[in-house]
Amino acid sequence: MNLGIVGGGAMAEALIAGLLAGAVYAPSEIVVSDPTAERGEWLHRRYGVVAVTDNLVPAAAPMLLLAVKPQVFAVVSNQVAPHVRSELVVSILAGVPLARLQAAFAGRAVVRAMPNTPALVRSGITALSRSERVTPEQFAVVRTLFACVGEVVEVPESAMDAVTGLSGSGPGYLALVVEALIDGGVAAGLPRATASQLVLATLRGSAELLIQEKLHPAVLKDRVTSPGGTTIAGIEQLEARSVRGAFIAAVQAATRRARELSR
Ligand SMILES: NC(=O)C1=CN([C@@H]2O[C@H](COP(=O)(O)OP(=O)(O)OC[C@H]3O[C@@H](n4cnc5c(N)ncnc54)[C@H](O)[C@@H]3O)[C@@H](O)[C@H]2O)C=CC1
Ligand SMILES: O=C(O)[C@@H]1CCC=N1
């Protein structure tokens, strides 16, 4: 048992799937606890990991990852802290600051991480902030762990709530955009399956273009937009409905919410 995870929800599952796909751990080396026995049984059946309902089991692992909701952090940390064997505790909880982690796990090195759900297919991005106690070797271990499920960036802790509102929540915003575009295709007369295939390939292709060519998004937009053509007719509608403003407001609201969760 090398990695203990407390909380076996959506994000824990994404990390488990990505880590197993990357062969970082064998299934038997990961133990995950969740009070819902059915959830643990499902994770065990699907991924072969060890699943328990007792949080003290993962607490005894050489490396501990906290993946519960921020709202239960106080209860869970009080419960497991006296039993933690790991020198290093990693938290993926939105809004829970390093100072609070450090106070809860006195004497341990703590890392605050903000991954996102594409970790499941090893295409995530994780931001990391570390406490002063974290040694370079410990930090390298955490980096390697998250690098297996996607990109890793280190950010000052002051940036963590904004990261949460942007890349942590971002897959949700993009899923909403995808769904809306598919509905647009259906409204324009396409079968839903065709519309879905077109939107997903367009999303992936546009992302690859922006990344591989290091294109500024405005340049890509200008390249698509023929004078008097179709794209500008569509963009006019998006601008009339303040879509840019809505996304900016969404990231700011999510950032504020992350800050609230820390109180
Ligand atoms: N879902 C996402 O995209 C991301 C989530 N996060 C963070 O990951 C954490 C988990 O989020 P999700 O997986 O989305 O939530 P979730 O609700 O899917 O999972 C939480 C799990 O914790 C379990 N749980 C409840 N009380 C518990 C206890 N006392 N001890 C152990 N387990 C307990 C629940 O049964 C549930 O399975 C949150 O702190 C969230 O901020 C971070 C990055 C992205
Ligand atoms: O919605 C949430 O609170 C979590 C944190 C980032 C993504 N999901």
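Where an unreviewed UniProt entry is consulted, the protein chain appears under the name Pyrroline-5-carboxylate reductase, with the organism given as Gloeobacter morelensis MG652769. The UniProt entry for the protein chain carries the following text under Pathway (unreviewed entry): "Amino-acid biosynthesis; L-proline biosynthesis; L-proline from L-glutamate 5-semialdehyde: step 1/1."

**Student:** Quick question: what am I supposed to make of the overall build of the protein chain here?
**Tutor:** Each helix and strand counted, the protein chain has 12 helices and 8 strands in total. Counting only C-alpha atoms, the protein chain reaches 65 × 40 × 30 Å along its principal axes. Evaluated residue by residue, the protein chain yields a buried proportion of 39% over its 263 residues. Contacts in the protein chain between residues far apart in sequence, at least 24 positions, make up 61% of those at least 6 positions apart. Surface exposure of the protein chain reaches about 14,000 Å², of which carbon and sulfur atoms provide 60%. Of note, the protein chain has its 23 positive side-chain charges centred 2 Å away from the centre of its 21 negative side-chain charges.

**Student:** Got a minute to help me understand helix α2 (residues 37-47) in this structure?
**Tutor:** An α-helical turn contains 3.6 residues, so a residue and the one three or four places further along point in the same direction. Within α2 the residues assigned to the buried category are G40, L43 and Y47. All buried residues of α2 project into a common sector of 60° when viewed along the axis, lining one side. Away from its buried face by more than 90 degrees, α2 exposes E38, R45 and R46. Count one or two residues on from α2 and you reach G48, which has phi positive near 80°.

**Student:** I keep staring at the site of ligand 1 and nothing clicks. Help me out?
**Tutor:** Taken together, 22 residues lie near ligand 1, and A10, M11, D34, N55 and V68 sit nearest. Within the backbone of M11, one N or O atom sits 2.8 Å away from an oxygen atom of ligand 1. Between ligand 1 and the protein, one listed contact pairs an oxygen atom with a side-chain N or O atom of D34 at 2.6 Å. In isolation ligand 1 offers 820 Å² of accessible surface; the protein chains occlude 77% of this area. Partitioned by chemical class, the residues of the shell around ligand 1 number 13 nonpolar, 7 polar and 2 charged.

**Student:** How should I be thinking about the pairing of strand β6 (residues 109-114) in this particular structure?
**Tutor:** Walk down a regular strand and you will see the side chains alternate between the two sheet faces. Of all 6 residues in β6, 6 are buried, a share of seventy percent or more. Residues A109, V111 and A113 of β6 are buried on one face, and the alternating residues V110, R112 and M114, pointing to the opposite face, are buried as well. Here strand β5 (residues 88-91) pairs with β6 via 4 bridges, running parallel. Counterpart to V89 in the pairing with β6 is V110. In the classification by handedness, the crossover that spans β5, the intervening helix α5 (residues 98-104) and the parallel β6 is right-handed. Where β6 meets strand β7 (residues 124-130), 4 bridges bridge the pair, whose relative direction is antiparallel. For M114, the partnering residue across the bridge sits in β7 and is A127.

Conventions and cut-offs
- Residues numbered from 1 in each chain as written.
- Chains lettered and ligands numbered in written order.
- Predicted model: local features only at pLDDT ≥ 70, side-chain atom pairs only at ≥ 80, totals over all residues.
- Heavy atoms only, no water.
- UniProt positions renumbered as here; feature names shortened; annotations may be inferred.
- Helix = DSSP H or I, 4+ residues; strand = E, 2+ residues; numbered from the N terminus.
- Buried < 20%, exposed > 50% of the residue type's maximum accessible area, 1.4 Å probe, protein only.
- Contact = heavy atoms within 4.5 Å.
- Areas by Shrake-Rupley, 256 points an atom, 1.4 Å probe, with all protein chains shown as cover.
- Lys, Arg positive; Asp, Glu negative; His and termini not counted.
- Charge placed at Lys NZ, Arg CZ, Asp CG, Glu CD.
- Arc of directions from axis to C-beta.
- Near = heavy atom within 4 Å.
- Polar contact = N/O pair within 3.5 Å; in protein donor to acceptor, adjacent residues only side chain to side chain.
- Nonpolar A, V, L, I, M, F, W, Y, C, P; charged D, E, K, R; others polar.
- Pairing = 2+ DSSP bridges.
- Right-handed = clockwise from strand over helix to strand, strands pointing away.

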